[in-house]
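Spelled out from the first residue to the last, the chains are:
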Amino acid sequence: MIKDALIAVKTALQNVSSLRYSGEDWGQLDYFRQVPVRFPCALVEIEEVAYSDNSCRCQQGVALLTVRIADNHIFNGSFQSPSSEEDFAMCDLLQTVYATLQGLRGTTFSPLTRKNLIRVRRDDSIREFRMSFEFAFTDNDASSKR
């Protein structure tokens, strides 16, 4: 269910050659002076799950999975500097992450569907985007406990 989806997403992101780190989001971009990841990176977490009852001991869940895509790219900000192929590399990375995850499905969860993309404003030199995907699953673990 939720864990299966997280594992599938992490495994899929490991096949994105332009990412140097992918894994579970436990605050690597937020709580460290020296960020313990290699850039560019993708960090995965579940933001929210809405549940509804299918029966007394079975629920349907709809989860919002967020992928934080970040880079710490040093650049020459002069208008006189020549244009670089790397100028909009983040756009390519975002599109690759989307293409990798859109429609990803497992035996315990429905296909992922992208819901939004948000640029995160930060006070440091890290460029961060949050891309969210929605998926559904059935949790009948309570019925197996009786």
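The following refers to the structure shown. No experiment lies behind these values; they were computed from the predicted model shown. (Residues numbered from 1 in each chain as written. Predicted model: local features only at pLDDT ≥ 70, side-chain atom pairs only at ≥ 80, totals over all residues. Heavy atoms only, no water.)

## Brief notes about helix α1 (residues 2-13)
Taking 1.5 Å of rise per residue, the 12 residues of α1 would be expected to cover 16 Å, and the 17 Å separating its terminal C-alpha atoms lies within 8% of that figure. All of the buried residues in α1 are A5, V9, A12 and L13. Down the axis of α1, the buried side of the element spans an arc of 95°, and every buried residue falls inside it. Packed against the buried residues of α1 are β1 (21-24), β2 (41-55), β3 (58-71), α2 (89-101) and β5 (127-139). (Helix = DSSP H or I, 4+ residues; strand = E, 2+ residues; numbered from the N terminus. Expected span 1.5 Å × (residues − 1). Buried < 20%, exposed > 50% of the residue type's maximum accessible area, 1.4 Å probe, protein only. Arc of directions from axis to C-beta. Contact = heavy atoms within 4.5 Å.)

## Topic: the nonpolar core
A general tendency of soluble globular proteins is for nonpolar side chains to be buried together. Counting residues in each nonpolar core, the largest one holds 25 residues, and the members touching the most others are V9, L13, V67, I69, V97, L101 and F135. Those elements giving two or more residues to this core turn out to be α1, β2, β3, α2 and β5. In this structure, V37, F39, L43 and I126 belong to the second largest nonpolar core, which totals seven residues. (Core = buried A, V, L, I, M, F, W, Y, C linked by side-chain atoms within 4.5 Å.)

## Some thoughts on the environment of L112
Along the polypeptide, L112 turns up in the loop between α2 and β4 (113-120). Residue classification places L112 among the buried residues on the basis of a relative accessible area of 1%.

## Section: the side chain of T66
Inspection of the secondary structure assignment puts T66 in strand β3. On the basis of relative accessibility, which here comes to 2%, the residue T66 falls in the buried class. Separated by 3.2 Å, the side chains of T66 and S132 make a polar contact. What T66 contacts, discounting residues up to four positions off in sequence, is L43, V44, E45, E47, R130, M131 and S132. (Polar contact = N/O pair within 3.5 Å; in protein donor to acceptor, adjacent residues only side chain to side chain.)

## Quick notes on the sheet that holds β3
In spatial order, the strands read β1-β2-β3-β5-β4; together these five strands make up an open sheet with mixed pairing. Two strands lie at the open edges of the sheet, namely β1 and β4, each paired on one side alone. Adjacent strand axes in the sheet meet at a mean angle of 25° when their direction is disregarded. Here β4 runs beside β5; their pairing, made up of seven bridges, is antiparallel. Residue pairing in the sheet places T113 in a bridge with E134 of β5. Sheet contacts for α1: β1, β2, β3 and β5; angle to β2, the most-contacted strand, approximately 155°. (Pairing = 2+ DSSP bridges. Axes fitted to C-alpha atoms, helices over the stretch in contact; angles between N-to-C directions.)

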